[in-house]
Amino acid sequence: QVQLVESGGGLVQVGDSLRLSCAASGGTVSSYAMGWFRPAPGKEREFVAGITWTGRNTAYADSVKGRFTISRDNAKNTMYLQMNSLRPEDTAVYYCAARNTPYPIGFRKNDYSIWGQGTQVTVSS
C-alpha cells in the first residue's frame, strides 16, 4: 500500500523560505490528487494547498496564496510545497495527503485517504 513521507521542515526566521517534500513509496500517486494540510489553532487539520494529478490545477488557502507554491513530479512520485515569506503563524506540523481520484482537488480532510506522518515547521520572530 502507498505510504507518504514528508521532509524538509525545520526552524527558520520570519521571511525565510522552506521547501517541503512528500515522497510516496509502495505504489504510485501519479494518478491521485494530492494536498497539504496543517492544524489550525484549536481545530483539526486545515487545507493549505492542493494539486490535481497532472499538476495543471492548483488551489491555495487565502492565508498562503502568493507565498506558497505546490508542485509535483510524478516521475519521482513526489509532491512539493515551496514556502516563501514565512510568518510565525505558519508554524505547524505540515501533513501531505493523497486522495484516490485524479481530480478535483479536495479541500476537506475527509477528502483524502492516505496521509503522511507530518513534518514540523517553526517560524521564529
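You'll find the structure just up there.
Described in the following lines is the structure provided in the data block. Please read all numbers here as calculations on a predicted model, not as lab measurements.

### Side note on the sheet that holds strand S3 (residues 18–25)
Strand order in the open sheet formed by four strands is S1-S3-S8-S7, with antiparallel pairing between adjacent strands. Each edge of the open sheet carries a strand with a single partner, namely strand S1 (3–7) and strand S7 (68–73). Adjacent strand axes in the sheet meet at a mean angle of 15° when their direction is disregarded.

### Points about the state of the cysteines
Evaluation of the coordinates by the stated rule reveals one disulfide. Cys-22 shares a disulfide with Cys-96; S-S distance 2.1 Å. The chirality of the disulfide connecting Cys-22 with Cys-96 is right-handed, given an S-S dihedral of about 60°. Here Cys-22, found in strand S3, pairs with Cys-96, found in strand S9 (residues 92–98); they are 74 residues apart in sequence, far enough to count as distant. You'll find Cys-22 and Cys-96 in the same group, each marked buried.

### As for the packing of aromatic side chains
Tallied over the entire structure, the rule returns five aromatic pairs. Seen from their ring centres, Phe-37 and Phe-47 are 5.8 Å apart, and the 80° between their planes marks the pair as edge-to-face. Of the two residues, Phe-37 is situated in strand S4 (residues 34–39) and Phe-47 in strand S5 (residues 45–51); the sequence distance between them amounts to ten residues. Accessibility expressed as a relative area gives 0% for Phe-37, which makes it buried. A centroid spacing of 5.2 Å and a plane angle of 75° characterise the contact between Phe-37 and Tyr-112, whose relative ring orientation is edge-to-face. Of the two residues, Phe-37 is situated in strand S4 and Tyr-112 in the loop between S9 and strand S10 (114–115); the sequence distance between them amounts to 75 residues. Residue Tyr-112 is classed as buried on the basis of its relative accessible area of 6%. Over the ring of Tyr-95 we find Arg-45, and its NZ or CZ is 3.6 Å from the ring centre. Here Arg-45 stacks its cationic end above the ring of Trp-115, 4.9 Å away from the centre of that ring.

Rules behind the numbers
Residues numbered from 1 in each chain as written. Predicted model: local features only at pLDDT ≥ 70, side-chain atom pairs only at ≥ 80, totals over all residues. Heavy atoms only, no water. Pairing = 2+ DSSP bridges. Helix = DSSP H or I, 4+ residues; strand = E, 2+ residues; numbered from the N terminus. Axes fitted to C-alpha atoms, helices over the stretch in contact; angles between N-to-C directions. Disulfide = S-S within 2.5 Å. Buried < 20%, exposed > 50% of the residue type's maximum accessible area, 1.4 Å probe, protein only. Phe/Tyr/Trp six-rings, centres within 6.5 Å; stacked < 30°, edge-to-face > 60°. Lys NZ or Arg CZ within 6 Å of the ring centre and 35° of its normal.

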